[in-house]
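# Topology and contacts: notes
Residue strings, one per chain:
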Amino acid sequence: MALPVAEWQGRTARLWAALDPTLRERLAAASLHDAVRLGCDLLRTEKEEEAALVQLCHRAPTDKKPEAASWYREQGNREFKRGQYQAALRLYSKAASHELPGSPEVSVCFANRSAALLHLGHFEVCLEDIARAESHGYPDRLLPKVLLRKAECLLCLGRLQDAQDILRVLESKIALDGVMTTHLTRLKKLSQLKVKLGEKEKCPEPARDARGGIQGEPEIWEENNRISGASSSLSLSFDAERGRHLVASQDIVPGQSLVKEEAFVSVLCPGESLPLQDGDTAWDTRATSADLYCHRCLRQLLASVPCQGCSYAKYCSQDCADVAWQQYHRTECSLGALLLTLGVFCHVALRTVLLAGFAEVSRLVAGSHCGNKNLQNPEASCKPLSEAADAGAGSSGVPGCDSSGRYQSSYQALFHLLPHTEQHSPEHKFLCTLSVVALCKQLQAAGLEAAVLSQESPQQWSKPKTCEKTSDGLSPELKTVAEAMLRHVLQLQCNAQAITVMQELGPGDGAVVDKKPVRLATAFFPVLSLLNHSCCPNTSVSFSGTAATVRAAQPISSGQEVLHCYGPHWCRMRVAERQQLLSQYFFECRCPACLEELDSGVKSVVSIRNSFCCPKCQAQMQGEEDTLCCSNEACATSASRDHLSGRLQDLQQQIRKALDLLRVGKADQAIKMLLKCQMDARTFLSPEHLLMGEMEDHLAQVYATLGKWQEAARHLKKSIEIVEMHHGPSSVETGHELFKLAQILFNGFSVSEALSTIQRAEGILSVHFGPQSAQIQELQEMKACLSELPRNILQRT
Ligand SMILES: [Zn+2]
Ligand SMILES: [Zn+2]
Ligand SMILES: [Zn+2]
Ligand SMILES: [Zn+2]
């Protein structure tokens, strides 16, 4: 998903293999500047490569198709009739994204969607959709229906005067049109609403106070005066071994915020179920991330505002749509299919240069040429580059700082993240070069060059610049853009930060919410990128929209380096797997966990806990070879590793089947199946195996859907024991499990136990997500609710 689709990767790999060896050598050793030039030459002679890319783009169409719109709308109507308003809502949104802006059809989509929103109780959003329908030319003859809905909405919101006004408009409209049969039902509804209105006026409901009373403690936050977005308790250091890194300049307590940074650029990942098969014409009714989150601010979408030009981009508001258009989407809109085909890294690279503006891009690219070699690779040199103040190192001697020695979340800082030009494999560099050049050629062909080059001053956009065309197709300006983009694509391999959200899973009946982290977007965070990796980090990162917050996960004493885990955590992976994964960042991890496991031959906790056990005596099975032996010498049982691995796979499949049963409402059968899986697992898995915990967790989930809270709590507690063993008692994972337990105890009225569990979950989750996070708010609401219960109920428990 980050890289181009497999077919394009395959084509460039074959092209690479067929190249003349001397050209291959030149490409392998080329600077970014020369790589772009050679890439242009190549694509000029290899016409069929570009044609193939165009062909691949047909699999990810992003243009508006009115025939898709009517199909989605019909599907939406069908779900609506079945009372599946959530599904209808999503389908109407998909339909709206395919209709032409300003058409009567799109206004009907919005009107239909407003009906679903009304049923779901989203009154404010419903009113917005009605306004949208009206502004897109909703057919006059259908207006009474929508006006009634509007009145109902206003009534629900307690805006009685406004409701009254609408009803008056409606009455006169109906009088004007004359009574038709279609109006009769509406007249009935109208009189019902008027009765309701009268009742409401007689006894106005007490105004509900805005969600008050729940406030976390104010956070201690003082910004660093040398690093934007960083806490004043950190300082920026630089040495040959660690490069740039952040160090605690005073003692830090767990939960303290250390970095708060808005992404310089972020691009929403399209999600998985994008149809990319050849000849796939059926439209997909499933919702992906691209349907569920705003393409600019990543807020969760309820009623999306579609882009006026494509069917792909969707926003939370007209405001987001307008800003995105102004900043980058006017250039990206018609290239949607190509961007999906070339992958998120290319997309981030393009958006980065669009956000930076051509003036800044060309200034820094030029600076990287005229400076010495060190500017290409600033961290390879430790000596302060005082003469290159604005291109590389500031007066502090740390690369990426501005002339006053301040490190800011800016394009300059981003530009100086390491591209590792020499370490990438030549094939990878070749793939990235051809992709970026193809994208720039497409920009030129689509007449978007002027938009790219004057991105900084939109008022100039209308006057097309005349750019000198060279024989190989790309103007010198676009070659500069391509060079910057190539740098960014290569940087992303080491510096891409995934923005994750906790997404709700499962049947979603609301009683117990199971959430898993999902990768939502790929972004550049220049300040966050200063943190080095450790497999046992002392911080935790969370996201809200496109903003990241790093918090201390444990006490950090003054002078200690502040570290962040790039993904491979010591609790989740063995050292060999971790080192393999980390090789993409071109470094060997020397964190305490890695050193201990590598040097002393200590077995990782992962392999000890996730081991097989002896089928006869339950002792741990040992051995690195194909045959495993019981660690109990008296037992001497042996078994083949393949056989045990096969059993593990069978077990996992059975568990998936049980979950499928739960999904279709067969909870009793799911329980039977899971209990059988547990019996089976006990005969060959260690009792501490993570899968043992997962089965307990699933059982808890099933019992919760049946309302058997005590059973659910019993199983979840066993799951928590195992999670604690693997991830530690104050880990995010344990926090999430405790959150679920709190919900179960809350639902089961186990008041005192619920309160103590809430307390523990709050303690852990506020360290990782801060006192203002959604989870903490939910926990506090539960707490408030429990403490308001009458005393006699409290005493009973
Ligand atoms: Zn938004
Ligand atoms: Zn668009
Ligand atoms: Zn490590
Ligand atoms: Zn044994």
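Overview of the structure. Remember, predicted model here, so these are calculated numbers, not experimental data.

A word on the coordination of the zinc ion (ligand 4). Distances from the zinc ion (ligand 4) to its protein donors, namely Cys614 (SG), Cys617 (SG), Cys630 (SG) and Cys635 (SG), fall within the range 2.2 to 2.4 Å. Classification of the site at the zinc ion (ligand 4) as tetrahedral follows from its 4 donor atoms and the range of 95 to 117 degrees in their angles at the metal. Within one chain, the residues serving as donors to the zinc ion (ligand 4) are arranged as C-x2-C-x12-C-x4-C. Note that Cys614 is positioned in the loop between helix H24 (605-609) and strand S13 (621-622) and Cys635 in the loop between strand S14 (627-630) and strand S15 (638-640), a separation of 21 residues in sequence. For Cys614, a relative accessible area of 0% translates into the label buried.

This part is about the sheet that holds S14. Strand order in the open sheet formed by 3 strands is S13-S14-S15, with antiparallel pairing between adjacent strands. The sheet is open, and its two edges are formed by S13 and S15, each paired on a single side. Bridge count for S13 against S14 is 2 bridges, and the pairing is antiparallel. Residue pairing across strands places Met621 opposite Cys630, the latter belonging to S14. Contacting S14 and S15, helix H25 (residues 641-663) runs over the sheet at an angle of about 70 degrees to S15.

What follows deals with the pattern of salt bridges. Side-chain pairing between opposite charges can occur once the charged atoms of the two side chains come close. Counted by the stated rule, this structure contains 29 salt bridges. Put simply, Asp162 and Arg159 hold a salt bridge, and the shortest N to O gap is 3.0 Å. Look at Arg159 and you get partly exposed, because its relative accessible area is 36%. As a salt-bridge pair, Arg168 and Asp165 come within 3.5 Å of each other at their nearest N and O atoms. Of this pair, Arg168 and Asp165 both sit in helix H10 (residues 160-177), 3 residues apart, which is roughly one turn of the helix. Under the relative-accessibility criterion, Asp165 is labelled partly exposed at 33%. Salt bridges sharing partners connect three or more residues here, namely Arg113, Glu128, Asp129 and Arg132.

Conventions we followed
Residues numbered from 1 in each chain as written. Chains lettered and ligands numbered in written order. Predicted model: local features only at pLDDT ≥ 70, side-chain atom pairs only at ≥ 80, totals over all residues. Heavy atoms only, no water. Donors = N, O, S within 2.8 Å, 3.2 Å for Na, K, Ca; no water. Tetrahedral: all angles 85-135°; square planar, octahedral: opposite > 155°, others 65-115°. Helix = DSSP H or I, 4+ residues; strand = E, 2+ residues; numbered from the N terminus. Buried < 20%, exposed > 50% of the residue type's maximum accessible area, 1.4 Å probe, protein only. Pairing = 2+ DSSP bridges. Contact = heavy atoms within 4.5 Å. Axes fitted to C-alpha atoms, helices over the stretch in contact; angles between N-to-C directions. Salt bridge = Lys/Arg side-chain N within 4 Å of Asp/Glu carboxyl O.

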